[in-house]
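Per-entry structural report
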Number of protein chains: 2
Amino acid sequence: MHVGVDVGGTKVLAVEIAGEGDGLEVVSSAQVPMPGRNASDAEVERAVADAALEVAAGRTLTGVGVSSAGLVDREGEWVRFCAHLPWRDAPVRSRLAELLGVPVVLDNDANCAAYAELAAGSLQDATFALMITIGTGIGGAIVLDGRVVRGANGMAGEFGHVQVVPDGLACECGLHGCWEQYCSGRALERVMRVALGSHLDGPQVAALARDGDRIAREAFATVGTWLGVGIAGLVSAYDPEVVVVGGGVSAVGDLLLDPARHGLARALQGAEHRTIPGIVPARFGPEAGAVGAALQAVAAG
Amino acid sequence: MHVGVDVGGTKVLAVEIAGEGDGLEVVSSAQVPMPGRNASDAEVERAVADAALEVAAGRTLTGVGVSSAGLVDREGEWVRFCAHLPWRDAPVRSRLAELLGVPVVLDNDANCAAYAELAAGSLQDATFALMITIGTGIGGAIVLDGRVVRGANGMAGEFGHVQVVPDGLACECGLHGCWEQYCSGRALERVMRVALGSHLDGPQVAALARDGDRIAREAFATVGTWLGVGIAGLVSAYDPEVVVVGGGVSAVGDLLLDPARHGLARALQGAEHRTIPGIVPARFGPEAGAVGAALQAVAAG
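Fair warning: this is a prediction, and the values are worked out from it, not measured in the lab.

**Observations regarding the relation of the copies chain A and chain B**
- With an RMSD of 0.0 Å, the fit of chain A onto chain B corresponds to turning through 180° and sliding 0.0 Å along the axis. Expressed as a symmetry operation, the mapping of one chain copy onto the other fits a two-fold axis.
- The fraction of interface residues of chain A whose copies in chain B are also interface residues reaches 100%, indicating that both copies meet through the same surface.

**Looking at the packing of helix α4 (residues 185-196) of chain B against helix α6 (residues 214-238) of chain B**
Residues and elements named next belong to chain B.
- Two elements in contact, α4 and α6, have axes whose closest approach is 9 Å; the angle formed by their N-to-C orientations is 135°. Viewed along their axes, α4 and α6 adopt a mutual orientation that is oblique. By crossing handedness, the relation of α4 to α6 is classed as right-handed. Packed against α4, whose contacting residues are Ala-187, Leu-188, Val-191, Met-192, Ala-195 and Leu-196, the element α6 presents Ile-215, Ala-216, Ala-219, Phe-220, Thr-222 and Val-223 at the interface.
- For the contact of α4 with α6, the residue count by class is 11 nonpolar, one polar and no charged.

**As for the sheet that holds strand β13 (residues 278-281) of chain A**
All names here are of chain A.
- Pairing in this open sheet of five strands is mixed, and the strands run β11-β10-β9-β12-β13 from one edge to the other. A strand with exactly one partner marks an edge of an open sheet, and here the two such strands are β11 (147-149) and β13. Along the sheet, successive strands turn relative to each other by an average axial angle of 30°, direction set aside.
- Across three bridges, the pairing between strand β10 (residues 138-144) and β11 is antiparallel.

**As for the interface of chain A and chain B**
- Contact with chain A, which involves 45 residues of that partner, is made by 45 residues of chain B.
- Overall, the association of chain A and chain B removes approximately 3,600 Å² of surface from exposure, summing both partners, and the carbon and sulfur fraction of that is 60%.
- Among the residues of chain A in contact with chain B, Asp239(A), Gln269(A) and His273(A) are the three that bury the most area, contributing 20% of the side total.
- Taken together, chain A and chain B are joined by zero salt bridges.
- Remark: the boundary between chain A and chain B carries 17 residue pairs in polar contact (both at pLDDT 80 or more).
- The set of elements that each furnish at least two residues to the side of chain A that touches chain B consists of β6 (79-81), β7 (88-90), β10, α6 (214-238) and α7 (254-267) of chain A.
- Ranked by the residues each element gives to the side of chain A that touches chain B, the list is headed by α6(A), at six residues.
- Along the lines of polarity and charge, the residues of the side of chain A that touches chain B split into 23 nonpolar, 12 polar and 10 charged.

**Overview of the nonpolar core**
- Ranked by internal contacts, the top residues of the largest apolar core, which has 94 residues, are Ile132(A), Trp179(A), Leu227(A), Tyr238(A), Ile132(B), Trp179(B) and Leu227(B).
- Not counting chain neighbours up to four residues away, the residues in contact with Trp179(A) comprise Ile132(A), Ile138(A), Phe159(A), Gly160(A), Val162(A), Val164(A), Trp226(A), Leu227(A), Gly230(A), Ile231(A) and Leu234(A).
- Grouped together as the second largest cluster of nonpolar side chains are 35 residues, Val44(B), Val66(B), Val72(B) and Cys82(B) included.

**A word on the confidence of the model for chain A**
- On average, residues of chain A carry a pLDDT of 95, and 100% of them reach 70 or more.
- Of all helices and strands in chain A, the one with the weakest mean pLDDT is β11(A) (94), whereas helix α2 (residues 92-100) of chain A scores best (98).

**Looking at the sheet that holds strand β5 (residues 71-72) of chain A**
- With antiparallel pairing, the three strands of this open sheet are ordered in space as β5-β6-β7 (chain A). At either end of the open sheet lies a strand with only one pairing partner, and these are β5 and β7 of chain A.

**Some details on the domain arrangement of chain A**
Residue and element names in this part refer to chain A.
- By the assigned domains, chain A splits into domain 1 (2-112 + 287-300) and domain 2 (124-282).
- Centre-to-centre separation of domain 1 and domain 2, based on C-alpha positions: 23 Å.
- When domain 1 packs against domain 2, the two sides together hide about 1,600 Å² of surface, and 51% of this comes from carbon and sulfur.
- Among the residues of domain 1 in contact with domain 2, Arg-74, His-84 and Asn-111 are the three that bury the most area, contributing 35% of the side total.
- Where domain 1 meets domain 2, there are one salt bridge.

**A word on the packing of helix α3 (residues 109-120) of chain A against helix α8 (residues 288-300) of chain A**
Residue and element names in this part refer to chain A.
- In the contact formed by α3 and α8, the axes pass within 7 Å of each other and the chain directions differ by 75°. In terms of their interaxial angle, α3 and α8 are classed as roughly perpendicular. In this structure, α3 contributes Asp-109, Cys-112, Ala-113, Tyr-115, Ala-116, Glu-117 and Ala-119 to the contact, and α8 contributes Ala-288, Gly-289, Val-291, Gly-292, Ala-293, Leu-295, Gln-296 and Ala-299.

**Re the packing of aromatic side chains**
- Under the defined criterion, the tally for this structure stands at five aromatic pairs over all chains.
- Ring centres of Tyr182(A) and Trp226(A) lie 4.9 Å apart, and the angle between their planes is 40°; this geometry places the pair in the tilted category. Here the residue Tyr182(A) occupies a position in the loop between β11 and α4 (185-196), and Trp226(A) occupies one in helix α6, the gap between them amounting to 44 residues. Both residues of the pair, Tyr182(A) and Trp226(A), count as buried.
- Each member of the aromatic cluster is reached from another via a ring pair, and the members are Phe159(A), Tyr238(A), Phe128(B) and Tyr238(B).
- For Arg190(A), the ring lying beneath its charged end belongs to Tyr182(A), and the centroid distance is 5.9 Å.

What counts, and at which threshold
- Residues numbered from 1 in each chain as written.
- Chains lettered and ligands numbered in written order.
- Predicted model: local features only at pLDDT ≥ 70, side-chain atom pairs only at ≥ 80, totals over all residues.
- Heavy atoms only, no water.
- Least-squares fit on C-alpha atoms with pLDDT ≥ 70 in both.
- Contact = heavy atoms within 4.5 Å.
- Axes fitted to C-alpha atoms, helices over the stretch in contact; angles between N-to-C directions.
- Helix = DSSP H or I, 4+ residues; strand = E, 2+ residues; numbered from the N terminus.
- Parallel < 35°, antiparallel > 145°, perpendicular 65-115°, else oblique.
- Left-handed = near helix turned anticlockwise from the far one by under 90°.
- Nonpolar A, V, L, I, M, F, W, Y, C, P; charged D, E, K, R; others polar.
- Pairing = 2+ DSSP bridges.
- Buried area = accessible area lost by both parts, 1.4 Å probe.
- Salt bridge = Lys/Arg side-chain N within 4 Å of Asp/Glu carboxyl O.
- Polar contact = N/O pair within 3.5 Å; in protein donor to acceptor, adjacent residues only side chain to side chain.
- Core = buried A, V, L, I, M, F, W, Y, C linked by side-chain atoms within 4.5 Å.
- Buried < 20%, exposed > 50% of the residue type's maximum accessible area, 1.4 Å probe, protein only.
- pLDDT = per-residue confidence, 0-100.
- Domains from an automatic or database assignment.
- Phe/Tyr/Trp six-rings, centres within 6.5 Å; stacked < 30°, edge-to-face > 60°.
- Lys NZ or Arg CZ within 6 Å of the ring centre and 35° of its normal.

So, in structure tokens, the structure goes:
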């Protein structure tokens, strides 16, 4: 069997998929906590293997797809850099293949998410499109003629580290004012901490917002407005027909996406003289990266 | 004969070209002042025709290529919006064809510049690349597999109106904090006005800087650093192998591009773990748009 594993800043998510097209679905999944940014490379790789083996549940693995945040090289061998993971110039694909004893394919998480949405989700009919995943940070992918554009070194789509505030908030990547400092799970937690003086994690804020809590809804509106402003810049740059949003933070749906739509309309040059692209949820939501990784593992045979 | 005409915020530049590849050159040119943002559409169109006819100098025109700042539609019929020109949802191609009595092709100025650099300039060997033109504002084009990516509506590459400072300087486009407010001919003039209390236009500042004037050089360094910071965001997003810079402000060369290279290296996520693309001058410099428009007119027959 093939398993897809998504490696994010707070957790490792592994999935088993079945079916195809509109029938494609996640039939089982497993989640293990990320050992953290200060963990060793080996601890992170162990967590990836553990999640994959938990989904396999004793069945024989034949291939594993790995979806990683950060800068993955064009050949899918290395994770060069990730603000939220310990890997630095690490040969992740070969290490995991050795650890698991099966073929492994490695790709950037948002590229994997776009792969899943192209195959069976919200990008099935897309020509020019953008995929944005909002979790611990922001991941991104550019779709052109129905394919993911990888860039000269495989690193296209790293929208999260575009500076949106000069001398702004310090980012884990070492820079200041990166978009993901204002629009991400971490940003959501910070907004709530400022408002309440106590720590809630993303899922807790989402639960409050769904229950109608005013402060939690305002926190999503703040993050969502930043999402829309950032998307406006990307629309000026790429002129996509649609923008698909996935990742854990997007699970609240319109509580995030409606403020984003308003932010986009307000911050887009010449908005009244052009078509404004829709902002739509990823069909596979927070699981899109893992699903895309599983699909790539299947495609690799 | 074919003529290429570039319509910018302060002037209309028409060129006649000859030769091809490394031998391609501008053999004559003419320049007329832009009537200004508050002029009528007809006055701007008259200026375009005047510049084309001045280059023709009595010879018979067979086709004209027009390179315009702003949002040009995918079919090259309309200028939808431009912060620095009066056209709003204007059928510019057909109007100019009628006025001049010859076939006219219309495209965005930075797309034209990229077309020229791909055919015979700094983009000849490029696969993934970005073209940035800095004049009154900023124009941009995205090159993929040796071709200009047009986006869903033909409007890709409008980098100048990406917000880089929240609630920043008011932009002619109606938004605030657009990149071109910090990195353009207008920005250069503003920096000098603040430093000196008097107005100098871009070419005057460039002449001072070439003569070693400290304040003028610092003004280019300020604008160049903003250029580099903006390019860093585009590199994160698109991962190009090279960034080509043209437009009038780029005529000073390394006085602008060296600060941009430093700004890029400082503002790029994971810079020490990746290849940093070069920032190189456009071969056709401030004339790239007009040259590309002429080439497109020739190609159209």
